[in-house]
Amino acid sequence: MDINVKQVRKNAFRVTKTRGITASRIRIPGGHLDADLLPVIQRIAQEYGDGSIHLTVRQGVEIPGIRYEDMPQVNQLLQPLIDRMGINQEEPGTGYSSAGTRNISACIGNRVCPYGCYDTTAFAQRIEKAIFPHDLHFKIALTGCPNDCAKVRLHDFGIIGMTLPQYEKDRCVDCRACVKACAKKSVDALRTVNYKVERNHEKCIGCGECVINCPTRAWTRSQEQYYRLVLFGRTGKRNPRLAVDFIKWVDEESILKIIKNTYAYVQAHIDPNAPGGKEHIGYIVDRTGVQEYLKWALQDVNLPDCAEVSSPLYWSGLHY
Amino acid sequence: MDINVKQVRKNAFRVTKTRGITASRIRIPGGHLDADLLPVIQRIAQEYGDGSIHLTVRQGVEIPGIRYEDMPQVNQLLQPLIDRMGINQEEPGTGYSSAGTRNISACIGNRVCPYGCYDTTAFAQRIEKAIFPHDLHFKIALTGCPNDCAKVRLHDFGIIGMTLPQYEKDRCVDCRACVKACAKKSVDALRTVNYKVERNHEKCIGCGECVINCPTRAWTRSQEQYYRLVLFGRTGKRNPRLAVDFIKWVDEESILKIIKNTYAYVQAHIDPNAPGGKEHIGYIVDRTGVQEYLKWALQDVNLPDCAEVSSPLYWSGLHY
Amino acid sequence: MGYRLSTDAMNQVLAELGKQYAIYAPKCYPGGNTFSEVDCIRYGEVHTVEEIETERKSDYSFKELLLPFSETLFFFTENTIQEASVIEKDMVIFLRSCDLHAVRRLDEIYLRNGLPDFYYQRLREKVQFVLIGCPAAFDSCFCVDMGTNRSDNYDAAFELRGGQVYMAARHPQWEALLRQYGEPVEGFAPSYVTETPTRVSIPADLSPAVAKSTVWDEYDKRCIGCGRCNYACPTCTCFTMQDIYYTDNAKAGERRRVAASCMVDGFTDVAGGGSYRKKHGERMRFKVLHKVYDFKQRNGYQMCVGCGRCDDVCPEYISFSAILNKLEEAMQEVRGDGQQ
Amino acid sequence: MGYRLSTDAMNQVLAELGKQYAIYAPKCYPGGNTFSEVDCIRYGEVHTVEEIETERKSDYSFKELLLPFSETLFFFTENTIQEASVIEKDMVIFLRSCDLHAVRRLDEIYLRNGLPDFYYQRLREKVQFVLIGCPAAFDSCFCVDMGTNRSDNYDAAFELRGGQVYMAARHPQWEALLRQYGEPVEGFAPSYVTETPTRVSIPADLSPAVAKSTVWDEYDKRCIGCGRCNYACPTCTCFTMQDIYYTDNAKAGERRRVAASCMVDGFTDVAGGGSYRKKHGERMRFKVLHKVYDFKQRNGYQMCVGCGRCDDVCPEYISFSAILNKLEEAMQEVRGDGQQ
Amino acid sequence: MTVSNEYLSHWAEIREVIPHTAIEYTFRMAYQGAVQPGQFFQVSIPKYGEAPISVSGIGEGTIDLTIRRVGRVTNEVFERYAGERLFLRGPYGIGFDVELYRGREVVIVAGGTGVSPVRPVIEHFYWHPELGRKVSLIAGFKSREDILFAEDFTRWQEQMDVILTVDNNNGDPDLRQGLVTEYIPALAIADPARAAAIVVGPPAMMRFSIQALLRRGIAEENIWVSYERKMCCGIGKCGHCKIDDVYVCLDGPVFNYTRAKDLAD
Amino acid sequence: MTVSNEYLSHWAEIREVIPHTAIEYTFRMAYQGAVQPGQFFQVSIPKYGEAPISVSGIGEGTIDLTIRRVGRVTNEVFERYAGERLFLRGPYGIGFDVELYRGREVVIVAGGTGVSPVRPVIEHFYWHPELGRKVSLIAGFKSREDILFAEDFTRWQEQMDVILTVDNNNGDPDLRQGLVTEYIPALAIADPARAAAIVVGPPAMMRFSIQALLRRGIAEENIWVSYERKMCCGIGKCGHCKIDDVYVCLDGPVFNYTRAKDLAD
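Residues numbered from 1 in each chain as written. Chains lettered and ligands numbered in written order. Predicted model: local features only at pLDDT ≥ 70, side-chain atom pairs only at ≥ 80, totals over all residues. Heavy atoms only, no water.

### Some remarks on the overall build of chain E
Quick note on the threshold: The numbering of helices and of strands both runs from the N terminus, where a helix is a DSSP run of H or I of at least 4 residues and a strand a run of E of at least 2. Both definitions apply: the radius of gyration is a C-alpha atom measure, and the globule rule equals 2.2 Å times residues to the power 0.38. Three exposure classes are used, based on accessible area relative to the maximum for each residue type with a 1.4 Å probe and protein chains only: buried under 20%, partly exposed in between, and exposed over 50%. Whether two residues are in contact is decided by their heavy atoms: any pair within 4.5 Å suffices. Exposure was quantified through the Shrake-Rupley algorithm and a 1.4 Å probe, taking into account, for residues, occlusion by the shown protein chains and nothing else. For the charge count, each Lys or Arg is scored as positive and each Asp or Glu as negative, with His and the chain ends excluded. A single reference atom marks each charge: NZ on Lys, CZ on Arg, CG on Asp, CD on Glu.
Tallying secondary structure elements over chain E gives six helices and 15 strands in all. Whereas a compact globule of 265 residues would reach a radius of gyration of roughly 18 Å, chain E reaches 18 Å, a difference of no more than 12%. When the backbone C-alpha atoms are referred to their principal axes, chain E occupies close to 55 × 40 × 35 Å. When burial is assessed residue by residue, chain E has 61% of its 265 residues classed as buried. The contacts in chain E between residues at least 6 apart in sequence include a share of 68% that link residues at least 24 apart. For chain E, the exposed area adds up to about 10600 Å²; of that, 49% sits on carbon and sulfur atoms. The average position of the 28 basic charges and that of the 34 acidic charges among the side chains of chain E differ by 3 Å.

Spelled out as structure tokens, the structure:
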């Protein structure tokens, strides 16, 4: 069996622990798919795999138990998934064109969740379109609100939905539902002054608890959807760490641009001898300095006026 | 429409943002399922949902677009999933008996991944059996190795697989593959002394890179599977934080017992007025003090001799 | 006499009316609801037919036009009191039959129950009502059972049929306008609902004794006491007074009244820390009996108009109509009927 | 003469043999492989038939019994040198035909190529070989094409057939044992493979000129230079010397030799920092030609025995047999045949 | 039709401030007009708020308002002195009709600030003993420090059966000890069937006192109670005082027990 | 059959230590036995290791081992002084057969430490000029400080054409400047067809020198080279010195170019 494992990996198959056996990794940006695609997955699993599937922690589907020889057939069968999910592809019928940039993760977002501040899946798909295929090992995750169910703070780019609460004073009846909710469930950014509510904008994390708990629509959501962009969280053996806040109240366009800029930055600075071509961006930033990164990241980015850029950026976490 | 939303939630349906519409949340402990169950999911999505599904960040499946009225029918249809996944249930045909304790997450583990130190899915299923159904909001995640692809450090219980590398000196040919791999990809815990390798046990994180890179089987895995148990990581609005190391080189039985002990601890100490009955364990520990928690957690736990218990425990993270 | 108008023509009518009136109708506020990208339908000033939301029920009623959620009564300076002034224009309010029935309830309380309310009355006198024809009930509506499905005491009637506007007017000046912009239609009468998906029946022998039923206990747990049902209700009219001095200059200030809810903590607080109906089930009982018993005892007809907004707005999916339908059983329980 | 024995009887034979011999055979080391819960099959001492792994190919060969991965040659004290002693017992090694052929290659190098090797020879003289009958080839085997599928120069032959042991012995004492514990079987001969799933063909005109082919370039990227292919190969015999002084007492120490790999960095290092074959493709070319050209040039027969272990063990799934099958094309390329 | 703005208050001068306890003062206000015992005024200080306060005394050109310092408005009221002004509107509600008690034995049971609304009734019979037959007064307070109208009680004792009880009298011979209900059974009532009773105080105290009075043979229709609610409007609009189909501000605060007994909060 | 243990070394006394550069010394060892120029010994210090070292001089009862301090063993060797001992085994391999050069013009091109193995050949013709015809020596070093056997060069110049070149002579008139190959074209060779050449040095230097010599008309079969490999065993076992089907330790280190030219590393 002569297999170019680098090509196998690039083609989104895995080199498994079992000799001769691979696994197919299906991208599902944002985790959402039409149920009529399930038979496609089932067929691959049953005809070429071991009949089981694994829903991955990045919300892809991994089909184990596939023989390397069967990769071309599996790639053929994957095509409807690739087409329907709108995955950029170099050549139809050849499966995924890259695997370095991981499936873009997202909580279920505002399609379903009451807390979600935006359509996480749609934004995930938009990012996917903009950056995939790419061999660089980027992990991007989106979460609908500061509850961060998607745990984006352990990804390279964590995108946290926010709403800028709009307060219509004349609809407020001083029931204090917002104030209590903010204190109990969020960051205690609301105070009652003269029976009306004052929001501490610096403290506010844009979670929308005030809106959710307001019985009169005195609090409503901003038409604009905002985000907190957090950077370079990671797990891993040496220094697992939380992402740090980069920009609060940032917009979708800026995030897209910053991500693309970061690809350029990493391509320019990655250690060419990194094992498996993987070097976590965090280590690259350690080497170049944060300022160099920021120079690249913010190039040609037009931040909204309300955006708050954190500076300087410090990461900590555990060190082994 | 008169719906007891507490019962809806307990029954693992969601109160969505859309009036009258719920979503069914399918538990898939460890994320692994037989592909022949996919038609069950598909049928629910197509007959009762909106035809789409969401693979959740906890590796369950969420079927959106279901009318509350249809919950009983959906529960009937869910039965094969519940049976085949071995989910403890109070009464057949009534769906899930609880939802507080979340689906147990796990990376693909050693069924597939070369780095995996144990069968994450099997352990996840074992924990599921031991603790579900339960209304307490516990998040448990397992990852096969210290790479922590499952990002367990943002869960209440993070279980990180480890192997205790066994060194057969007489098979070592001083190729230094292990030393280089450990330095480059892990924690640099290996040193060459007299052409043989010395492992710094205090530093070693049990990732198995030495074993994986050894060309002669001088390094092999321990028969015993060990774990690092990390505690009370969380996302959330107020104080997202990484889990802290609790016990290194701990065994499966002890972990199970500690988790069960923690349920008892939380039941005894949770704020009865917590919003939605949810209070993160971390806040309870803040209130009772770590020592009180440890007293409960370690009750009747027989740790293996090699287990290293961290003390004291400090969490940090971001504060908003 | 009815008239048919194109939407363009109707917009001209509205423009004409706009000279004298501020015109309010249910309106879509995109993304203006609690959850992300969910619209809110509530009352706002409109200038065109297109702005009038006729497909969806308004989440909040017209009530807030007559009894604003927050209304300044007086302005104070050091030594003077200045009554807040009323809006200058007259007002046209588009509403459905149930809401038009609700107007009578508001009037009952604010014009007749004790002394008349100065602020309500001065506004009320400026209002003309346009009935929105209501061809079909929404899921939670139960106007037919409450007898509020049909109204004749409108100043005008309005209905969209097949992209065209149908109007009838009792107001002579308006009639003239319609004649100018529309064409007469024989026999136009606004549609009204004759059956509703939700049905309610209220026991004939309902009495305060029902308070002792266990039916209310369920709501101790289910109800979160948020007050949405009250704020959305077109007949709930309670308020609380607030006096403030301005942050910018404590010598000046105002007295306001804001909508109050009998479901929300603090409603029954008395001086010194006492309060009544601490349990949410008790509040629910109070509210329900107010709507379908007390008011009727006092005024001879039911307060609840069956619009179903309380059901629609409840985040806990507590259904008011479902409670009404439990009253029979609750009465049996307190009478000692049934199983025992 | 062949014998059939029950496994119990065979275990008694082994027990008898165990008095004189340390018996080595491929053995399953549960979870002993690189990846979690994957068994490793390699050589170890056995005492029962059940311990002998006959179903799976051993990941590592018998080689390490004759040429341990790490072997102490001398012990040193301040002024003395003490030759390491040899194991006391004689040795029986169970192996398949391919490996038995490999023994000849080891002998070729260690007994004949230059001066004989003292350490090898003194071990080699203690060894008896038991051929394991090989009824079917594994996926990566290509012994037939290498002519190593059949061996007759065994001291005994062994095969499990339907749960029973079949043995034949050339060693007179063993014959006696078999007669004692087993029953004679006419015409027993150990099975051997006659076809393999993997086929190889080596160009008749293969020459060092093939070094210039571009076929090797692929391995610059694919090969990681880990040496597994060498360590697993039954015919790779290179070693490196190591002298150490003990950590506990620097006055004492030892000289060892450890297995070396021509694929691993450092193999060709010379004093002062120079080295040869820096590119992994060059190393691959060197190894391949060593196995299927150089050795034959020197000794008249191919070194490679076609066991396929190098294919099985390569973490990068580089197939040695696939390379052999590319040699024809590579030769065409350097000859200037084919497309141009 | 233009209606008058009932929410408009009018300045009234503070004639006298009579402290009872640290947090309870009586403000004697200049006031002209008819007032019934048990009625209430909306007392306010612009920018601080408005609060319903029972009339605790009716004088010549004055009314007494006994105010407990418990919140924003009352805090601010306590900053006012004689000669300064408060805003008033009212009186509102239906009070005690003293004519109903003419010539009858009257038992008054009051707890804490519940003494305020009944004080004008007591005063009425104190100053017009000829109109009554016999007044028995049981008043309960938490402690000696909480007693309101202490001097009045001393005065009232001259003419009436006065039982002044506190939770713990600490041996003070002037005070009884225990709940007001404990003193009802022993009360000297000559003709319970015709006797009238007035009960004002916290809900539990009222409930048990009424039970005790009924056991003494006092008829339901001869018992009156006064309800405390935090009215915002005083005119049947704001809803805070509604109990069942009753608006306390319009239909009370004083109710005959035959009506009150069915009211469920 | 018992074989002797070829891996056993034997003590040999250091007679003299001759420093050349900071890191290159010649150790003159007591030694009895036949040695060919170009052969090598395995030199070791127990517990430190063993290294193959070419013979750089053959004397009466001595051999010279010129050692560069580059690693564990050689570091340790440098700690030894005259009178102390080193372990030796060997000689191994096939060296230069000086008989082949008898009466012929001999061109010797050596680079760096490549001078060591050819030194015995040079010495042979220096001490026995009657056996040769003419020896031309081109030796290249990095710099003046790297020159080995500097005094020998001075001595050899008496009898031979010696070109001593360094990368940069910094104006030193005793030294040439540039690569050894640059001096081959101008070399005086009377009868290239019969001349013999010896080339020893780094791979690239050897490759280009041979090309230059061939261009001068020296026949392939008259060129000899010596290969440097880090043998562990010296006896055809350890594999480190194998090139194609050749074991440098057995079949070399000295090869005729007709054999060497096909060897590919």
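### Points about the interface of chain B and chain C
As a reminder, the rule being used: Note: buried area is the sum, over both parts, of the accessible area (probe 1.4 Å) each one loses when the two are combined. Salt bridges are counted wherever a side-chain nitrogen of Lys or Arg sits within 4 Å of a carboxyl oxygen of Asp or Glu. The term polar contact refers here to a pair of N or O atoms within 3.5 Å; inside protein, the definition further demands a hydrogen-donor-capable atom paired with an acceptor-capable atom, and it admits residues adjacent in sequence only when both atoms are side-chain atoms. Polarity classes work like this: nonpolar for Ala, Val, Leu, Ile, Met, Phe, Trp, Tyr, Cys and Pro, charged for Asp, Glu, Lys and Arg, and polar for all others, with Gly in that last group.
Of the residues lining the interface, 14 residues belong to chain B; the matching set on chain C comes to 18 residues. Each partner contributes to the roughly 1200 Å² buried at the junction of chain B and chain C, and carbon and sulfur atoms together form 43% of this total. When the buried area of chain B at its contact with chain C is split by residue, Asp2, Lys17 and Arg19 of chain B rank highest and sum to 52% of it. Measuring nitrogen to oxygen at the nearest pair gives 3.2 Å for the salt bridge that ties Asp2 of chain B to Arg222 of chain C. Inspection of the chain B/chain C interface yields 10 residue pairs in polar contact (both at pLDDT 80 or more). In terms of residue class, the side of chain B that touches chain C is built from six nonpolar, four polar and four charged.

### What to know about the packing of aromatic side chains
Definition in use: Pairing of aromatic rings covers Phe, Tyr and the six-membered ring of Trp, with a centre-to-centre limit of 6.5 Å; geometry is then stacked below 30 degrees between planes, edge-to-face above 60, and tilted otherwise.
One pass over the structure, following the stated rule, counts 75 aromatic pairs over all chains. Plain terms: the ring middles of Phe74 of chain C and Phe76 of chain C are 6.2 Å apart, the flat faces sit at 40° to each other, and that makes the pair tilted. Since its relative accessible area comes to 3%, Phe76 of chain C is described here as buried. Taken together, a centroid distance of 5.0 Å and an interplanar angle of 90° make the contact between Phe118 of chain D and Tyr119 of chain D edge-to-face.

### Re the relation of the copies chain A and chain B
Both copies of the chain are related by one operation, a rotation about an axis with a shift along it. The following threshold applies: For the least-squares superposition of copies, only C-alpha atoms count, and only for residues with pLDDT at least 70 in both.
Laying chain A over chain B is done by rotating through 180° and shifting 0.0 Å along the axis; what remains is an RMSD of 0.0 Å. Accordingly, the operation relating the two chain copies is best matched by a two-fold axis. Mapped onto chain B, 100% of the interface residues of chain A again fall at the interface, so both copies present the same surface.

### Digging into the sheet that holds strand β12 (residues 253-259) of chain C
All names here are of chain C. Threshold: We call two strands paired when DSSP finds no fewer than two bridges between them. Lines fitted to C-alpha atoms define the axes, with helix axes restricted to the stretch in contact, and inter-axis angles between N-to-C directions lie between 0 and 180 degrees.
Within the open sheet, the four strands sit side by side as β5-β4-β12-β11. Their pairing is antiparallel. Lying at the two open borders of the sheet, with one neighbouring strand each, are β5 (81-83) and β11 (239-245). Averaged over neighbouring strand pairs, the angle between their axes works out to 25° when direction is ignored. Bridge count for β11 against β12 is seven bridges, and the pairing is antiparallel. The residue of β12 that forms the bridge with Phe239 is Ala259.

### Looking at the arrangement of the chains
When the nine pairs of chains in contact are compared, the highest contact count belongs to chains A and B. Chain D shows no contact with chain E. Their nearest C-alpha atoms sit 69 Å apart. The smallest C-alpha distance separating chain E from chain F is 89 Å, and no contact links them.

### A few points about the domain arrangement of chain A
Here is the rule: Throughout the structure description, domain borders are defined by an automatic or database domain assignment.
Domain boundaries in chain A define domain 1 (5-84), domain 2 (105-162 + 226-309) and domain 3 (166-220). Summarising the inter-unit geometry, the C-alpha centres of domain 1 of chain A and domain 3 of chain A are found 47 Å apart.

### Structural notes on the sheet that holds strand β6 (residues 85-92) of chain E
Residue and element names in this part refer to chain E. As summarised here, the arrangement of the six strands in space is β1-β2-β5-β4-β3-β6, forming a closed barrel in which the pairing is antiparallel. Adjacent strand axes in the sheet meet at a mean angle of 45°, parallel and antiparallel pairs treated alike. Relative to strand β5 (residues 62-68), strand β2 (residues 24-30) is paired through seven bridges, and the arrangement is antiparallel. For Glu24, the partnering residue across the bridge sits in β5 and is Arg68.

### A few points about unusual backbone geometry
Backbone torsion omega between Gly252 of chain E and Pro253 of chain E reads 5°, so that peptide bond is classified as cis. Cis geometry marks the peptide bond from Gly90 of chain F to Pro91 of chain F, where omega comes out at -5°. Its place among the elements puts Pro91 of chain F in strand β6 (residues 85-92). The backbone phi angle of Arg217 of chain A is positive, close to 65°, even though this residue is not glycine. Checked against the element boundaries, Arg217 of chain A lands in the loop between α6 (209-213) and β12 (219-220). A relative accessible area of 4% means that Arg217 of chain A is categorised as buried. Non-glycine residue Phe149 of chain F carries a positive phi angle of around 55°. With respect to the helices and strands, the residue Phe149 of chain F is situated in the loop between β8 (134-141) and α3 (150-157). Judged by relative accessible area, Phe149 of chain F falls into the buried class, the value being 3%.

### Regarding the interface of chain A and chain B
In this complex, chain A contributes 75 residues to the contact, which on the side of chain B involves 75 residues. In this structure, the connection of chain A to chain B is made through four salt bridges. When residues of the side of chain A that touches chain B are traced back to their parent elements, those giving at least two are β1 (13-15), β3 (32-34), α2 (38-47), β4 (52-55), β5 (61-67) and α5 (177-185) of chain A. With six residues, the single largest contributor to the side of chain A that touches chain B is α2 of chain A. By the bridge criterion, three bridges tie β4 of chain A to strand β3 (residues 32-34) of chain B in an arrangement that is antiparallel. Looking at the pairing, Ser52 of chain A lines up with Asp34 of chain B of β3 of chain B.

### Here's the deal with the pairing of strand β11 (residues 196-200) of chain E
All names here are of chain E. The condition that has to hold: The path from the first strand over the helix to the second decides the hand: if it runs clockwise while the strands point away from the viewer, the crossover is right-handed.
Most of β11 is tucked away, with five of its five residues classed as buried. Taken together, the four bridges between β11 and strand β12 (residues 223-226) define a ladder with parallel strand orientation. Counterpart to Ala197 in the pairing with β12 is Ile223. The parallel pair β11 and β12 is bridged by helix α4 (residues 203-215), and the resulting crossover is right-handed.

### Points about helix α3 (residues 71-84) of chain A
Structural remark: α-helix, 3.6 residues per turn; residues separated by three or four positions point the same way. All names here are of chain A. Keep this limit in mind: An expected span of 1.5 Å times one less than the residue number is assigned to each helix.
In this model α3 runs 20 Å from its N-terminal to its C-terminal C-alpha over 14 residues, within 8% of the 20 Å that 1.5 Å per residue would give. Three or more residues of α3 are buried, namely Met71, Val74, Asn75, Leu77, Leu78, Gln79, Leu81 and Ile82. As for α3, its buried residues are in contact with α1 (5-10), β1, β2 (21-26), α2 and β5. Directly after α3, the chain includes Gly86, whose backbone phi takes a positive value near 65°.

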